[in-house]
Amino acid sequence: MAGRFGFKWGRSSVAALEGGTRKLTIEELVMLPVILGEVGLPVDRLIQDTDVIAVNDGFALWGRSFRRQLLNRNERSALHKAEAAHVKEFEDVVFAEIPAPDEPYIGDYLNPDERLRNARFYLDRYAYVLLGMALWPQLDDVQARKAVARSVHPAEADRKVAAKIDADPLIVSLMAEALWGRSLVEERDARAESRGARHDARGLQGARGYVTRELTQELLDEWKSRPGPAWGYPEDRTKRDAYENWTRTLYMHYDDAVRLEQVVISLARLARQARGVPLQEFPDELRRIFDPTGESA
C-alpha cells in the first residue's frame, strides 16, 4: 500500500519502524495516517489525542494538534465548529448537576464515541490543573493552568531537572510555580543574577549550574514531601505517590467516558477540600463542578 504513495518499504523497513530502530521522515509521518486509512485503520487508532510527538529536541506536538495539521482549512474549520458544539453540550450536562454514583452522567445524550472524545477533552483541560491545585493548594487556577501550558513545550532545563528527580516536566513546572511563583528557568536566572554572577558567558554558565543544583534539591525535597491532610494518606506516602496513583487511575480508564468524568470530578472535590477556600475564588466553570447547586461551601 505504501508503494502507491511513493515509499519503498520492504519487510525490513516495516520491522525497523515497528522496533523503533528507524525513524520516520516528516513525509512518511504525514502520510502514514493516510496509508493506514486506506486499509481501514482510522488515524485515532494510530495517534491518540494525548500522545506527545517529539519533532526535535526543542519542540513537540500533542497528538490532537498533529492530527489537525493533516486537515485542510475547510475541514479544520468544520472540525472546530463541531468540537465546540460537542464541548458545549458536554459541559452543559456535566456541569449542570452531579447525579448519584449509580446513575449515568449523561446517559444517551451523546453517542458513545462523541462522549468519549469529549471526556478526554475534559481530562486534558481540567485533570492536571485540578491535581496541581490539590497537591499544591497555594496554586490558584490561573497559576496551575499556566504551569500546565508551559509543560507542553518544556525548556531544556526543565527536562534535565525532571530526569534527575525522576518526574514529568509537568511536575517540575507545577512545583516551580507553587514554590517560586515562576518557572524554573526564571528562578534560576534571578538567583544567579542576585548573587552577582559575572555577565560573561563562562561566569554566567557556572552560576546557573550551581543554582540549578540548588533548585533541583528543593524540587526533589518537595516531590518527596507529604501531601496535605485533605488527601488522608498515611505518614509514608508522598506527593509523588499521590500523583502517580491519580495519573495511573486516569489512564487506566482512558477508554471509559463515565469513569473519566467521575475521576476528574473527584479531583475537583479534592482540590476544593485541599485549598479550603470559598467557591467564589474559582472560575464559574470549575465552581459548577464543585457546587452544582450554586451554594457556597
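As the structure is a computational prediction, the values presented were derived from the model and not from experiment.

Scoring rules and cut-offs
Residues numbered from 1 in each chain as written. Predicted model: local features only at pLDDT ≥ 70, side-chain atom pairs only at ≥ 80, totals over all residues. Heavy atoms only, no water. Helix = DSSP H or I, 4+ residues; strand = E, 2+ residues; numbered from the N terminus. Contact = heavy atoms within 4.5 Å. Salt bridge = Lys/Arg side-chain N within 4 Å of Asp/Glu carboxyl O. Buried < 20%, exposed > 50% of the residue type's maximum accessible area, 1.4 Å probe, protein only. Phe/Tyr/Trp six-rings, centres within 6.5 Å; stacked < 30°, edge-to-face > 60°. Lys NZ or Arg CZ within 6 Å of the ring centre and 35° of its normal. Expected span 1.5 Å × (residues − 1). Arc of directions from axis to C-beta. pLDDT = per-residue confidence, 0-100. Polar contact = N/O pair within 3.5 Å; in protein donor to acceptor, adjacent residues only side chain to side chain. Axes fitted to C-alpha atoms, helices over the stretch in contact; angles between N-to-C directions. Parallel < 35°, antiparallel > 145°, perpendicular 65-115°, else oblique. Nonpolar A, V, L, I, M, F, W, Y, C, P; charged D, E, K, R; others polar.

## What to know about the overall build of the chain
Okay, step 1: The number of helices and strands found in the chain is 14 helices and two strands.
Okay, step 2: Here the contacts in the chain between residues at least 6 apart in sequence split such that 55% fall between residues at least 24 apart.

## Some words on the pattern of salt bridges
Okay, step 1: Throughout the structure, instances matching the rule amount to 15 salt bridges.
Okay, step 2: A salt bridge links Glu187 to Arg191, with the shortest nitrogen-to-oxygen separation between them at 2.7 Å. Of this pair, Glu187 and Arg191 are both found in helix H10 (residues 184-194), four residues apart, which corresponds to roughly one turn of the helix. The exposure classification of Glu187 matches that of Arg191, with both residues buried.
Okay, step 3: Its salt-bridge partner being Arg240, residue Glu244 comes within 3.1 Å of it at the nearest N-O pair. Linking Glu244 with Arg240, this pair stays in helix H12 (residues 239-252), spanning four residues, or about one helical turn.
Okay, step 4: Via salt bridges that share partners, Arg182, Glu187, Arg191, Glu214 and Glu218 belong to a single interconnected network.

## Some thoughts on the packing of aromatic side chains
Okay, step 1: One pass over the full model with this rule turns up three aromatic pairs.
Okay, step 2: Between the aromatic rings of Trp231 and Tyr233, the centroid separation amounts to 5.6 Å while the plane-to-plane angle is 65°, which identifies the pairing as edge-to-face.
Okay, step 3: On the accessibility criterion, Trp231 (9% relative accessible area) is buried.
Okay, step 4: Within the aromatic cluster, the residues linked to one another by ring pairs are Trp231, Tyr233 and Trp246.
Okay, step 5: One cation-aromatic arrangement involves Arg237 over Tyr233; the distance from NZ or CZ to the ring centre is 5.0 Å.

## With respect to unusual backbone geometry
Okay, step 1: Even without being a glycine, Asp166 presents a positive backbone phi close to 55°.
Okay, step 2: Summarising the element assignment, Asp166 is placed in the loop between helix H8 (156-164) and helix H9 (169-180).

## Things to note about H12
Okay, step 1: With 14 residues, H12 ought to run about 20 Å at 1.5 Å a step, and its terminal C-alpha atoms sit 20 Å apart, in line with that.
Okay, step 2: Within H12, burial applies to Lys239, Ala242, Tyr243, Trp246, Thr247 and Leu250. Projected down its long axis, H12 carries its buried residues within an arc of 120°, all on one side.

## Structural notes on the environment of Gly206
Okay, step 1: Position of Gly206 relative to the elements: it lies in helix H11 (residues 201-223).
Okay, step 2: With a relative accessible area of 42%, Gly206 lands in the partly exposed category.
Okay, step 3: Measuring from C-alpha to C-alpha, the distance between Gly206 and Ala192 comes to 9.2 Å, with 14 residues separating the pair along the chain.

## Description of the confidence of the model for the chain
Okay, step 1: Confidence in the prediction for the chain averages 75 pLDDT; 63% of positions are at 70 or higher.
Okay, step 2: Of all secondary-structure elements in the chain, the lowest mean pLDDT belongs to helix H14 (residues 284-290), at 58, while H9 reaches the highest, 94.

## Comments concerning H9
Okay, step 1: Between its first and last C-alpha atoms H9 spans 16 Å; for twelve residues at 1.5 Å apiece the expected length is 16 Å, and the two agree.
Okay, step 2: Of all twelve residues in H9, ten are buried, a share of seventy percent or more.
Okay, step 3: Capping the start of H9 is the job of one residue whose side-chain oxygen sits 2.7 Å from the backbone nitrogen of Leu170: Asp168.
Okay, step 4: Just downstream of H9 lies Gly181, where phi reads positive at about 75°.

## Details of the packing of H9 against H10
Okay, step 1: Where H9 contacts H10, the two axes come as close as 9 Å, and the packing angle between them is 50°. When the axes of H9 and H10 are compared, the pair comes out oblique. Contacts from Val172, Ala176 and Trp180 in H9 reach Leu184, Glu187 and Arg191 in H10.
Okay, step 2: Its residues placed into classes, the contact of H9 with H10 shows four nonpolar, no polar and two charged.

## Brief notes about the side chain of Ser173
Okay, step 1: Locating Ser173 in the fold gives a position in helix H9.
Okay, step 2: Ser173 has contacts with Ala147, Arg150, Ser151 and Asp158, leaving out every residue within four places of it along the chain.

## Focus: the environment of Ser173
Okay, step 1: Since its relative accessible area comes to 1%, Ser173 is described here as buried.
Okay, step 2: Note: C-alpha distance between Ser173 and Ala155 (18 residues apart in sequence) is 9.8 Å.
Okay, step 3: Among the polar contacts listed, one links the side chain of Ser173 to the backbone oxygen of Ala147, at a separation of 2.7 Å.
Okay, step 4: Of the polar contacts made by the side chain of Ser173, one reaches the side chain of Arg150; its length is 3.3 Å.

## Brief notes about the packing of H8 against H10
Okay, step 1: Their axes nearest at 8 Å, the elements H8 and H10 cross at an angle of 100°. Here H10 runs roughly perpendicular to H8, going by the angle between their axes. Contacts from Ala157, Asp158 and Val161 of H8 reach H10 at Leu184, Val185 and Arg188.
Okay, step 2: Taken together, the residues of the contact of H8 with H10 sort by class into four nonpolar, no polar and two charged.

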